[in-house]
Structure formats: structure tokens, C-alpha cells
Amino acid sequence: MGDEVLKKIVPRINELAKKAKAEGLTEIEKLEQSDLRKKYVARFKENFRSQIEMMKVYDDNGKEVTPDKVKKIQRKKGLRDD
């Protein structure tokens, strides 16, 4: 993982998960866990969307079949010159 935010969030999520299984969490820790999970999912979606937007899709014959919606986003971001 190259994402610094995720590198900070994941260890704390894991720490809270272990504590929850072992002894339970306080209300404050439950809120923190929920907040961290929301941040993790949001960051994951952001990173995944970025990967999809940079991808070009080709069929078996080598013809590009990238969906038009993705092509439009790529053009808007300056990733395509066609």
C-alpha cells in the first residue's frame, strides 16, 4: 500500500478489532472504529476509481474497447489525446 492515510488507519482498525474480540470496546472506541472504517472505505473507493479511470481495455484482437464514460473522464483529466 502506497497510501499514507491507509498506512495510518489500518493498524488502528486492526488494533480495535482485536480489542473488540478480546475484551470489548468502550463507546468512544466504537465511534472511533466506525469513523476509521468509513475513512478506509472512502479512501479505498477513491483509489479504486483512480485505477479504473487510468485503465484502457482491449479485446482479443487488440482493438481498444474502453467504455465511452471512462474515455470521457480520461480526456477531461488529460490522460487521452484522442
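Quick note: structure is the one above.
Within any chain, residue numbers begin from 1 and follow the written order of that chain's sequence. At least 70 in pLDDT is required for a residue's local features to be given in this predicted model, at least 80 for side-chain atom pairs to be given and counted, and no such filter applies to totals for whole chains, interfaces and linings, which use all residues. To get the side-chain values, take all heavy atoms of the structure and skip hydrogens and water.

Mind laying out the overall build of the chain, listing which residues take part and the relevant values?
Note on conventions: DSSP H or I runs of at least 4 residues are helices, E runs of at least 2 residues are strands, and numbering of each starts at the N terminus. Each helix and strand counted, the chain has three helices and zero strands in total. In the chain, the succession of helices and strands from N to C terminus is α-α-α. Computation of the radius of gyration draws on C-alpha atoms, with the globule rule given as 2.2 Å multiplied by the number of residues to the power 0.38. Taken against the 2.2 N^0.38 rule, which gives 12 Å for 82 residues, the C-alpha radius of gyration of the chain at 19 Å runs more than 25% over that of a compact globule. For the chain, the spread of C-alpha atoms along the principal axes amounts to about 55 × 25 × 20 Å. Considering the chain as a whole, with its 82 residues, one finds that 20% of them fall into the buried category. Residue contacts are defined here by distance: any two heavy atoms, one from each residue, within 4.5 Å place the two residues in contact. Taking all contacts inside the chain whose residues are at least 6 apart in sequence as the whole, residues at least 24 apart take part in 32%. Accessible areas in this description were obtained via Shrake-Rupley with a 1.4 Å probe; residue shielding takes into account the shown protein chains only. Within the structure as shown, the chain displays about 6800 Å² of accessible surface, and the carbon and sulfur contribution to it stands at 54%. In this scheme, a residue with accessible area under 20% of its type's maximum is buried, one over 50% is exposed, and one in between is partly exposed, where area comes from a 1.4 Å probe on protein chains only.

Tell me what's going on with the packing of aromatic side chains, and back it up with residues and numbers.
Side-chain rings of Phe, Tyr and Trp, where Trp is taken by its six-membered ring, are said to pair if the distance between their centres is within 6.5 Å; with planes under 30 degrees apart they count as stacked, over 60 as edge-to-face, and otherwise as tilted. This structure, assessed with the given rule, holds two aromatic pairs. Ring plane angle 20° and centroid distance 6.5 Å describe the contact between Tyr40 and Phe44, whose orientation is recorded as stacked. On the criterion of helical spacing, the pair formed by Tyr40 and Phe44 is a turn pair, its members being four residues apart in helix H2 (residues 27-53). Ring plane angle 5° and centroid distance 6.2 Å describe the contact between Phe44 and Phe48, whose orientation is recorded as stacked. Of this pair, Phe44 and Phe48 both sit in helix H2, separated by four residues, roughly a single helical turn. We classify Phe44 as partly exposed; its relative accessible area is 46%. These aromatic residues form a ring-pair network of at least three members: Tyr40, Phe44 and Phe48.

Explain the nonpolar core residue by residue, including any values.
What makes a nonpolar core is a set of buried Ala, Val, Leu, Ile, Met, Phe, Trp, Tyr and Cys residues whose side-chain atoms join them at distances within 4.5 Å. Core analysis: the largest hydrophobic core is formed by five residues, namely Ile9, Ile13, Leu16, Leu25 and Leu36. At three residues, helix H1 (residues 4-22) tops the list of elements feeding residues into this core. In this view, Ile9 contacts Leu36, Lys39 and Tyr40; residues no more than four positions away in its chain are not counted.

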